[in-house]
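As a plain string of letters, each chain reads:
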Amino acid sequence: RVYDQYINGQWSNTNVTHQNFDPEVDELQTVDPLRRNEAIFTVTMNFPRQELIYAPSGTIWIDRESRLAIASPKDSVPEVTAWLANPGLVTGETYKVRAMITNPSIEELRAAGTSYPNWVTDRYLQIPKEIEPQIRTLADRIAGSYITPYDKAQAITAYLRTEIKYTTRLKETPPSFEDPLLWVLLEYKNGFCMYSASAEVLMLRSLGIPARMA
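It should be emphasised that the depicted structure is a prediction, and the values quoted were computed from it without experimental measurement.

A.B. asks: An account of the packing of aromatic side chains is needed here, citing residue identities and associated values.
C.D. replies: Counting across every chain of the model gives five aromatic pairs. Their ring planes at 65 degrees and their centres at 5.1 Å tell us that Phe-21 and Trp-83 sit as a pair that is edge-to-face. Within this pair, whereas Phe-21 is found in strand E3 (residues 16-21), its partner Trp-83 is found in strand E8 (residues 79-90), the two being separated by 62 residues in sequence. For Phe-21, a relative accessible area of 3% gives the class buried. Here the aromatic rings of Phe-47 and Tyr-54 are separated by 6.4 Å at their centres, their planes lie at 35 degrees, and the arrangement is tilted. Among the residues examined, Tyr-54 registers a relative accessible area of 42% and is labelled partly exposed.

Quick look at the structure:
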């Protein structure tokens, strides 16, 4: 699942619609089809039951009827934010996925520039006003000296891996008057994957780099 909006410790999606997918007749376009190679994956379910399909970004086809959650930016190819099997999957079932994937080098990532499409900047730069100053101050301190978005992202990733101790659960409760992410990031310094991912997304956004929670 892909999310664009963060409010009060929760991620959600804005402007999402749903449509059915029939593998006999349907195939999706990718948002940026250039410089991608088609790959085929076979996935075996180990969960007792689940609707959510695990697949790479850039998936264009799956071998079963399903339901898509789609964001439809103006003047852009619709973006899939979740792919749901219908009916759901059970333990031992397999499914095949075709996806258009890319594998850029570090040099290519550094050279990618900052000419983001409008649909990207419109959707993936939101930060709550009440926490934006603290987030931006920390992001500037960590990554402000770097030039490229790639190097800024690497610096923030390294900081989070060093400064936030991984734990499977919070042993303390965030204060009711404080955003839980801000509390973990600036005070508690312990958290699990959601906190690190959310912190990175919002710090990148504060630096003007579009990012999304997945």
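Okay, back to it.
A.B. asks: Can you break down helix H3 (residues 132-143) residue by residue, with the values?
C.D. replies: For H3, which comprises twelve residues, the first-to-last C-alpha distance of 16 Å matches the rise-based estimate of 16 Å (1.5 Å per residue) to within 8%. Along H3, the positions that sit buried rather than exposed are Glu-132, Ile-135, Leu-138, Ala-139, Ile-142 and Ala-143. Down the axis of H3, the buried set is contained in an arc of 140 degrees. They therefore lie on one face. Residues of H3 that are exposed and point more than 90 degrees away from the buried face comprise Thr-137 and Arg-141.

A.B. asks: Quick one: what's the story with the packing of H3 against helix H6 (residues 193-206), residue by residue and with numbers?
C.D. replies: It is at 8 Å that the axes of H3 and H6 come closest, and there the two elements cross at 85 degrees. Comparing the axis directions of H3 and H6 gives the class roughly perpendicular. Judged by residue contacts, Ile-135, Arg-136, Leu-138, Ala-139 and Ile-142 of H3 engage Leu-202, Met-203 and Ser-206 from H6. Looking at the contact of H3 with H6 residue by residue, the classes come out as six nonpolar, one polar and one charged.

A.B. asks: Account for the sheet that holds E3, naming residues and giving values.
C.D. replies: In spatial order, the strands read E3-E7-E8-E5; together these four strands make up an open sheet with antiparallel pairing. Each of the sheet's edge strands pairs with one partner strand only, and the pair in question is E3 and strand E5 (49-52). For this sheet the average axis-to-axis angle between neighbouring strands, irrespective of direction, equals 25 degrees. Pairing between E5 and E8: three bridges, direction antiparallel. Residue pairing in the sheet places Gln-50 in a bridge with Leu-89 of E8.

A.B. asks: Got a sec to walk through the sheet that holds strand E6 (residues 59-62)? Specific residues and values, please.
C.D. replies: One open sheet holds the three strands; their spatial order is E4-E9-E6, and the pairing between them is antiparallel. Edge positions in the sheet fall to strand E4 (37-44) and E6, since each of these pairs with one other strand and no more. Strand-to-strand twist across the sheet, computed as the mean angle between neighbouring axes with direction ignored, equals 25 degrees. Where E4 and strand E9 (residues 94-101) come together, eight bridges link them in antiparallel fashion. The residue of E9 that forms the bridge with Thr-44 is Thr-94.

A.B. asks: I'd like a rundown of the nonpolar core, residues and numbers included.
C.D. replies: Ranked by internal contacts, the top residues of the largest apolar core, which has 31 residues, are Ile-142, Leu-160, Leu-185, Leu-202 and Met-203. At the level of secondary structure, the elements contributing two or more residues to this core comprise H3, helix H4 (149-163), helix H5 (180-188) and H6. With sequence-adjacent residues up to four places away left out, Met-203 is seen in contact with Ile-135, Leu-138, Ala-139, Ile-142, Ile-156, Leu-160 and Leu-185. With 16 residues, the next largest nonpolar core counts Phe-21, Ile-60, Trp-83 and Val-97 among its residues.

Definitions and limits used
Residues numbered from 1 in each chain as written. Predicted model: local features only at pLDDT ≥ 70, side-chain atom pairs only at ≥ 80, totals over all residues. Heavy atoms only, no water. Phe/Tyr/Trp six-rings, centres within 6.5 Å; stacked < 30°, edge-to-face > 60°. Helix = DSSP H or I, 4+ residues; strand = E, 2+ residues; numbered from the N terminus. Buried < 20%, exposed > 50% of the residue type's maximum accessible area, 1.4 Å probe, protein only. Expected span 1.5 Å × (residues − 1). Arc of directions from axis to C-beta. Axes fitted to C-alpha atoms, helices over the stretch in contact; angles between N-to-C directions. Parallel < 35°, antiparallel > 145°, perpendicular 65-115°, else oblique. Contact = heavy atoms within 4.5 Å. Nonpolar A, V, L, I, M, F, W, Y, C, P; charged D, E, K, R; others polar. Pairing = 2+ DSSP bridges. Core = buried A, V, L, I, M, F, W, Y, C linked by side-chain atoms within 4.5 Å.

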